[in-house]
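# Observations on the model geometry
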Amino acid sequence: MTAVGIDAVEVWTGNLKLDLAETFADEKGKDPAYFTKGLGLRASSLPDSYEDIVTMGANASKKLMDRKGLEPDDIGRIDVATESSFDNSKPISTYIAGCLEQVYEGDFHHANKGERKFACIAGTQSIDDAYNWIRAGRNRGRAALVVATDTALYARDDSGEATQGAGAVAMLIDEDPDLVELSTEQGYGSADETDFLKPNQQFPSVDGKRSVQVYLARMREALEDYESVAGDVRLEDFIYAPFHTPYPGMVRKAAALAYRHVTRDTPVEEELAESIGRQPRRESFDDDGEYEEAVREYMDALKETEQYQDWYAATVDPTLTISRDVGNWYTGSVHLARVSALKTALESDRDVAGESMLVASYGSGAQAEIHGEVVQDGWADEIAALDVDEQIAERYDLSWAEYEQVHDRHNHEMDSELEEFTTPEAEFVFDGWGRMGERKYTYVE
Ligand code: CAA
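Residue numbering note: each chain is counted from 1, following its sequence as written. Local features in this predicted model are restricted to residues whose pLDDT is 70 or higher, and side-chain atom pairs enter the listing and the counts only when it is 80 or higher, whereas totals over whole chains, interfaces and linings include all residues. The side-chain values count all of the structure's non-hydrogen atoms but skip hydrogen atoms and water molecules.

## As for the sheet that holds strand 11 (residues 356-363)
- The strand order across the open sheet formed by 8 strands is 5-4-6-7-1-8-12-11, and the pairing between neighbours is mixed. At either end of the open sheet lies a strand with only one pairing partner, and these are strand 5 (112-116) and strand 11. Pairwise comparison of adjacent strand axes, ignoring direction, gives a mean angle of 25° for this sheet.
- Across 5 bridges, strand 4 (residues 75-81) lies against strand 5 in parallel orientation. Following the sheet pairing, A81 is matched in strand 5 by R116.
- The contact criterion used throughout is that any non-hydrogen atoms of two residues lie within 4.5 Å. Axis lines are fitted to C-alpha atoms, over the contacting stretch for helices. Their N-to-C directions set the angle, which ranges from 0 to 180 degrees. Strands here are runs of E lasting at least two residues and helices are runs of H or I lasting at least four, both read from the DSSP assignment and numbered beginning at the N terminus. Lying on the sheet, helix 5 (residues 122-135) is in contact with strand 1 (4-13), strand 4, strand 5, strand 6 (143-152), strand 7 (165-175), strand 8 (180-190), strand 11 and strand 12 (367-375); it crosses strand 4 at an angle near 160°. Between any two strands, at least two bridges found by DSSP are needed for them to pair.

## Observations regarding a negative patch on the surface
- A contiguous patch of negative charge on the surface is contributed by E22, D26, E27 and D397.
- For the negative patch, the leading source of residues is helix 1 (residues 20-28), giving 3 residues.
- On the secondary structure map, D397 appears in strand 13 (residues 396-397). Within the patch definition used here, like charges are joined within 9 Å and nonpolar side chains (Val, Leu, Ile, Met, Phe, Trp, Tyr) within 5 Å, considering only residues with over 30% relative accessible area and no salt bridge. Surface exposure here means Shrake-Rupley accessible area, sampled with a 1.4 Å probe, where a residue is shielded only by the protein chains that are shown. Salt-bridge detection follows one rule: a side-chain nitrogen of Lys or Arg within 4 Å of a carboxyl oxygen of Asp or Glu. Just so you know, the count uses Lys and Arg for positive and Asp and Glu for negative, and it drops His and the chain ends. In plain terms, the charge of a residue is placed at NZ if it is Lys, CZ if Arg, CG if Asp and CD if Glu.

## Describing the site of the ligand
- Summary of the distance rule: residues count as near a molecule or strand when at least one heavy atom falls within 4 Å of that molecule or strand. Close to the ligand lie 25 residues, the nearest being Y34, S159, K209, S211 and K253.
- Contacts to the ligand include H244, whose side-chain N or O atom sits 2.8 Å from an oxygen atom.
- Its free accessible area being 1000 Å², the ligand has 73% of it covered by the protein chains.
- Listing elements by their share of the shell around the ligand, those giving two or more residues are helix 2 (32-39), helix 6 (208-230) and helix 7 (248-263).
- Looking at the shell around the ligand, the element that brings in the most residues is helix 6, giving 4 residues.
- Gly counts as polar in this scheme, as do all residues outside two lists: the nonpolar Ala, Val, Leu, Ile, Met, Phe, Trp, Tyr, Cys and Pro, and the charged Asp, Glu, Lys and Arg. Looking at the shell around the ligand residue by residue, the class counts come to 12 nonpolar, 9 polar and 4 charged. Between N or O atoms, a polar contact is any pair within 3.5 Å; within protein, one atom must be a potential hydrogen donor and the other a potential acceptor, and residues adjacent in sequence are included only when both atoms are from side chains.

## Focus: helix 4 (residues 92-103)
- Across its 12 residues, helix 4 extends 18 Å between first and last C-alpha, which sits within 8% of the 16 Å expected from 1.5 Å per residue.
- Of the positions making up helix 4, those classed as buried are I92, S93, Y95, I96, A97, C99 and L100.
- Against helix 3 (53-68), strand 4, strand 5, strand 6, strand 14 (427-433) and strand 15 (439-444) lie the buried residues of helix 4. Under the convention used throughout, the expected extent of a helix is 1.5 Å for every residue step, that is, one less than its residue count. Whether a residue is buried, partly exposed or exposed follows from its accessible area with a 1.4 Å probe, protein chains only, as a fraction of its type maximum: under 20%, in between, or over 50%, in that order.

## As for unusual backbone geometry
- The omega torsion across G365 and A366 is 5°, close enough to zero to call that bond cis.
- Mapping A366 onto the fold places it in the loop between strand 11 and strand 12.
- At N200, a position not held by glycine, the phi torsion is positive, near 50°.
- One non-glycine residue, Y330, adopts positive backbone phi at about 45°.
- Of note, Y330 is situated in the loop between helix 11 (323-326) and helix 12 (333-347).

## Here we look at the environment of I121
- With respect to the element layout, I121 can be found in the loop between strand 5 and helix 5.
- The exposure class of I121 is buried, given its relative accessible area of 0%.
- Taking the C-alpha atoms as reference points, I121 and E347, separated by 226 residues in sequence, lie 28 Å from one another.
- For I121, the residues in contact, after removing those within four places along its chain, are S361, Y362, G363, Q367, A368 and E369.

## A closer look at helix 1
- Regarding helix 1, the residues found buried are L20, A21, T23, F24 and A25.
- Where helix 1 is buried, its residues meet strand 2 (16-19), helix 2, strand 3 (43-46) and helix 15 (400-409).
- Of the residues flanking the start of helix 1, the one acting as N-cap is D19, its side-chain oxygen 3.2 Å from the backbone nitrogen of A21.
- Just beyond helix 1, the residue with positive phi is G29, at close to 65°.

Spatial relationships are all this shows, so hold off on functional conclusions.
This is the structure in structure tokens:
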């Protein structure tokens with residue numbers, strides 16, 4: 001069977017930066033370690049006044065098309081995943097196609113376009129749609145463009161304000177991919193939850209503590225479901241495990257849970273038993289409370305072991321490097337985690353072609369999905385072509401007062417004007433409103 005997967009990826013960060021450990025911590029009188037150690041974040045990316053989900057998505061897409069030498073005719077499908085949409089009818093993909101048509105010969109009239117919504121997991125779902133479209137033989141030799149783009153802003157003083165971010169990830173889904181092949185096996189954990197939602201409002205209603213528990217519960221279900229179709233997952237089966245990363249501290253919790261699950265009834269559990277005992281089993285306890293307390297104690301001890309820490313440092317920590325400097329990109333976040341991992345491999349001269357990754361996506365509301373990916377021969381060239389470090393380094397560093405203005409500028413209810421902090425160069429910019437309330441965009445050379 002011909003491989004189908006991600007052929008190329010490009011990243012576009014919002015052009016502004018809010019330093020959390022300095023600016024945010026100073027303003028709120030918080031210990032910087034709350035951000036850097038507790039949440040695991042140094043900074044958030046934020047959009048300049050001329051940026052939004054369309055400009056960031058179109059800019060990432062243009063970089064991808066230019067690098068791969070693509071014309072509109074090569075792309076048969078454009079799916080945008082976002083939870084920051086500003087239109088309940090016209091999909092963001094039409095705006096992005098309109099932008100791209102300003103700078104390429106030809107058009108996207110032949111391309112099927114849509115917008116996917118299921119919180120942060122919609123980017124992965126859009127990849128699925130593209131995968132299925134290609135596998136069904138409906139693509140007529142064309143590739144699919146998947147764009148995950150979000151301005152992940154919270155209401156001022158919300159507990160999530162420290163985890164904000166803004167950016168886009170564009171991915172080309174095709175046969176014989178250069179980056180990763182996607183597994184046909186998938187596992188799901190999906191339930192009707194009210195942990196994080198936006199009922200016709202721009203900023204989310206969040207039950208932060210509960211959202212963490214829901215993430216873990218759905219992820220556990222997805223792993224069990226994945227194993228039911230792919231067989232038991234073993235530690236040695238995958239080199240990296242990119243998770244949806246609302247903030248690295250969340251992944252730290254999910255990774256420990258996954259490790260406990262995957263090592264249960266294996267020689268690793270027996271080896272660990274010498275220092276921390278065997279994992280608690282429900283049948284050995286009279287009630288749930290006692291069992292849960294024993295699990296908490298086991299997890300605390302597990303996280304202190306050399307075996308766990310070595311595994312985490314090699315398999316999970318490399319997926320978090322970009323997230324630490326940009327915050328949550330919602331739909332793009334797990335796809336940044338994949339890029340982070342492969343970038344770490346490249347920087348340490350490790351050839352990972354043929355190796356597998358276990359990719360764990362999540363969307364509030366809530367659904368987790370787990371699948372496998374095999375790294376392809378062209379991965380190193382694809383990752384070497386990215387300029388994500390330069391983009392991160394070149395962001396304008398906001399003062400607190402400037403941050404407040406930026407937040408107001410992007411608040412749909414405030415309609416505030418703001419001079420830009422950065423000068424757009426070779427990128428699409430928001431350029432005002434059309435007669436029907438639509439947003440207008442131009443390309444600045
Ligand atoms: N030094 C070091 N560590 C510190 C510290 C200090 N001075 N102060 C606190 N910490 C640690 C805490 O011990 C805690 O560690 P653990 O997670 O290991 O227990 C960590 O920092 C966070 O502290 P709190 O739990 O007290 O943080 P909080 O309650 O203020 O905020 C949050 C956490 C509720 C998740 C909040 O960031 C939030 O609401 N975020 C938005 C929702 C979210 O991201 N949920 C994640 C799951 S849902 C999802 O994934 C979808 C999505 O993208 C939104």
